[in-house]
Amino acid sequence: MERTIRAVRWPLYGAFVLASVVATMLAFPIGLTALGLEPNDVTFLPLSITGLPWSGPLFWMELDSVTRLAIALVANVLNLALGLMLARGSD
């Protein structure tokens, strides 16, 4: 079991980084244009999901879009840092 976890920890972290980048692109009009979508389709839901558990209160609170975006971005950075720490854990 330990060998399996060691073998897949970097691919799992890479997949999470890719999901986080795509979720961040969906939260900005320039990212939506790069993905080939309409700039009016901005959504914070994927960014809030990849930022869980830190972004959990965003699902219950009514905040303006700038505050929601800032909280979701900080939550994603926290999860990326935590994931990197766990992936490098026993190197």
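All values derive from a computational prediction rather than experimental measurement. Residue indices follow the written sequence of each chain, beginning from 1 at its first position. Only residues with pLDDT of at least 70 are given local features in this predicted model, and only at 80 or more are side-chain atom pairs given and counted; all residues enter the totals for whole chains, interfaces and linings. Hydrogen atoms and water are omitted, and side-chain values are computed over all heavy atoms in the structure.

> Give me the overall build of the protein chain: which residues, what numbers.
Here a strand is any run of E in DSSP of at least two residues, a helix any run of H or I of at least four, and the numbering for each starts at the N terminus. The helix and strand tally for the protein chain stands at four helices and zero strands. The secondary structure elements of the protein chain, listed N-terminal to C-terminal, are α-α-α-α. By its C-alpha atoms, the protein chain is 45 × 30 × 15 Å across when sized along the principal axes. To sort residues, take the accessible area from a 1.4 Å probe on protein chains only and compare it with the maximum for the residue type: under 20% means buried, over 50% means exposed, and anything in between is partly exposed. Out of the 91 residues in the protein chain, the part that is buried amounts to 26%. Residues are treated as being in contact if the distance between any of their heavy atoms lies within 4.5 Å. At a minimum sequence separation of 6, the contacts of the protein chain that also span at least 24 residues come to 50%. Surface accessibility in these figures is a Shrake-Rupley result with a 1.4 Å probe; residues are shielded only by whichever protein chains are displayed. Carbon and sulfur atoms make up 72% of the accessible area of the protein chain, which amounts to about 6,200 Å² in all. Counting rule applied: Lys, Arg positive; Asp, Glu negative; His and chain ends not counted. The location of each charge is read from NZ of Lys, CZ of Arg, CG of Asp or CD of Glu. Treating the 5 positive side-chain charges of the protein chain as one cloud and the 6 negative ones as another, the clouds have centres 20 Å apart.

> Give me the lowdown on helix H4 (residues 65–87), citing residues and values where you can.
One less than the number of residues in a helix, times 1.5 Å, gives the span that helix is expected to have. Over its 23 residues, H4 extends 32 Å from the first C-alpha to the last, a length consistent with the 33 Å expected when each residue adds 1.5 Å. What H4 keeps buried is the set Arg 68, Leu 69, Ala 72, Ala 75, Asn 76, Asn 79, Gly 83 and Ala 87.

> Before we move on, could you go through the packing of aromatic side chains and cite the residues and values that matter?
Geometry of an aromatic ring pair is reported as the spacing of the ring centres plus the angle between the planes. Note on aromatic contacts: the rings of Phe and Tyr and the six-membered ring of Trp form a pair at centre separations within 6.5 Å, being stacked when their planes are under 30 degrees apart, edge-to-face when over 60 apart, and tilted otherwise. Evaluated as defined, the whole model comprises one aromatic pair. With a centroid separation of 6.1 Å and an interplanar angle of 85°, the aromatic rings of Trp 10 and Tyr 13 are classed as edge-to-face. Pair noted here: Trp 10 and Tyr 13 are both in helix H1 (residues 2–25), with a separation of three residues, about one helical turn.

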